[in-house]
Amino acid sequence: MRILVVEDARALAEVVAEGLRDQGMAVDIAHDGLAAAARIDVHTYDVVVLDRDLPGIHGDALCQMITERDDRAMVLMLTAAGEPGDRVSGLTLGADDYLAKPFHFPELVLRIRSLARRKPTARARVLRAVGLELDPVRRTVLREGRPLDLSVKEFGVLEALLRASPGFLSAEQLLEQVWDENTDPFTNTVTVTIGRLRRKLGDPPVITTTTGVGYRIADTSDGTRT
């Protein structure tokens, strides 16, 4: 799940982003409306956590820009204006949810996950393939009924591969979906994470690699692999 946090209070933006990353989300930050608009043009986000009172482009205008896109992100408007009239006007602009500051962080996480599930392009809640069962909400993974203990990034990589199955994802695509824009594109972190994930998943292997193409989930129980 990829999230954009648009907040001009830098300390708050960093705290929110780090907390969401701890929950397994890939998070980018923009401190003004212009920077946010530029990121939305480049990346596809599941949810935008949007401060309303922004420099550059006001949050109201940015909200309308987001909701007019074909592949739109869900918008959680996060603002100090918490009166009922403010909430109504924010939702009228196209925001999908509204949370007033100060907020309880676990509630923010729950609202983001709920919005991601409501996104029109969202897939089925529980992902299943080749004996694997991954529940993004409960953050659980089973293989042939056996629970697996995965790190945040291992879980994110497996979720991305299951969502793409039976297609391939390149290392660059996995960096885009599971990490964030600050990750070194030349890092070997994807290779390392895939290696750890393969060991935890056990035999027969279910993550295959095709040189120059990428990784995918596949049934190798017949002894064939790429």
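See the structure above.
The structure displayed is predicted, hence computed values, not measured ones. (Residues numbered from 1 in each chain as written. Predicted model: local features only at pLDDT ≥ 70, side-chain atom pairs only at ≥ 80, totals over all residues. Heavy atoms only, no water.)

## Points about the sheet that holds strand β1 (residues 2-6)
- A sheet is described by the order of its strands in space; here 5 strands give the open sequence β2-β1-β3-β4-β5, paired in parallel fashion. Both outer strands of the open sheet, β2 (26-30) and β5 (97-100), are each paired with one neighbouring strand and no more. In this sheet, neighbouring strand axes are inclined to one another by 20° on average, regardless of whether the strands run parallel or antiparallel.
- Strand direction decides the pairing type here: β1 and strand β3 (residues 47-51), joined by 4 bridges, are parallel. Residue pairing for β3: L4 is matched across the bridge by V48. (Pairing = 2+ DSSP bridges. Helix = DSSP H or I, 4+ residues; strand = E, 2+ residues; numbered from the N terminus. Axes fitted to C-alpha atoms, helices over the stretch in contact; angles between N-to-C directions.)

## Focus on the pattern of salt bridges
- One pass over the full model with this rule turns up 15 salt bridges.
- A salt bridge links R111 to E107, with the shortest nitrogen-to-oxygen separation between them at 2.8 Å. Of this pair, R111 and E107 both sit in helix α5 (residues 105-118), 4 residues apart, which is roughly one turn of that helix.
- Among the ionic pairs, D135 bridges to R138, the shortest N-O distance being 2.9 Å.
- Overall, the relative accessible area of 5% leaves D135 in the buried class.
- The class of R138 is exposed, set by a relative accessible area of 54%. (Salt bridge = Lys/Arg side-chain N within 4 Å of Asp/Glu carboxyl O. Buried < 20%, exposed > 50% of the residue type's maximum accessible area, 1.4 Å probe, protein only.)

## Things to note about the nonpolar core
- If you look at the biggest cluster of nonpolar residues, it comprises 26 residues, and the most contacted ones within it are L158, L161, L174 and I207.
- Put simply, the parts of the chain that give this core at least two residues each are β6 (127-129), β7 (132-135), α6 (152-164), α7 (171-178), α8 (189-201) and β11 (214-217).
- The greatest single-element share of this core, amounting to 6 residues, is contributed by α6.
- Ignoring anything within four residues of it in the chain, the contact list for L174 reads V157, A160, L161, L169, W179, V190, I194 and Y215. (Core = buried A, V, L, I, M, F, W, Y, C linked by side-chain atoms within 4.5 Å. Contact = heavy atoms within 4.5 Å.)

## Some words on α6
- Helix length check: α6, at 13 residues, gives a terminal C-alpha distance of 19 Å against a target of 18 Å (1.5 Å per residue), a fit within 8%.
- Among all positions of α6, only E154, F155, G156, V157, L158, E159, A160, L161 and L162 are buried. (Expected span 1.5 Å × (residues − 1).)

## So, the environment of Q64
- Turning to its location among the elements, Q64 is positioned in helix α3 (residues 59-67).
- Take Q64: its relative accessible area is 36%, and that puts it in the partly exposed class.
- Residues Q64 and V75, spaced 11 residues apart in sequence, show a C-alpha to C-alpha distance of 9.9 Å.

## Quick look at the side chain of D135
- The residue D135 is located in strand β7 in this model.
- At 2.9 Å, the side chain of D135 and the side chain of R138 are in polar contact.
- Apart from the residues within four sequence positions on either side, D135 is in contact with R125, V126, T140 and F155. (Polar contact = N/O pair within 3.5 Å; in protein donor to acceptor, adjacent residues only side chain to side chain.)

## Quick word on the sheet that holds β6
- The 4 strands lie next to each other as β6-β7-β8-β9, forming an open sheet whose pairing is antiparallel. Each edge of the open sheet carries a strand with a single partner, namely β6 and β9 (146-147).
- Here 2 bridges tie strand β8 (residues 140-143) to β9, and the two strands are oriented antiparallel to one another. The residue bridging R143 from the neighbouring strand is R146, located in β9.

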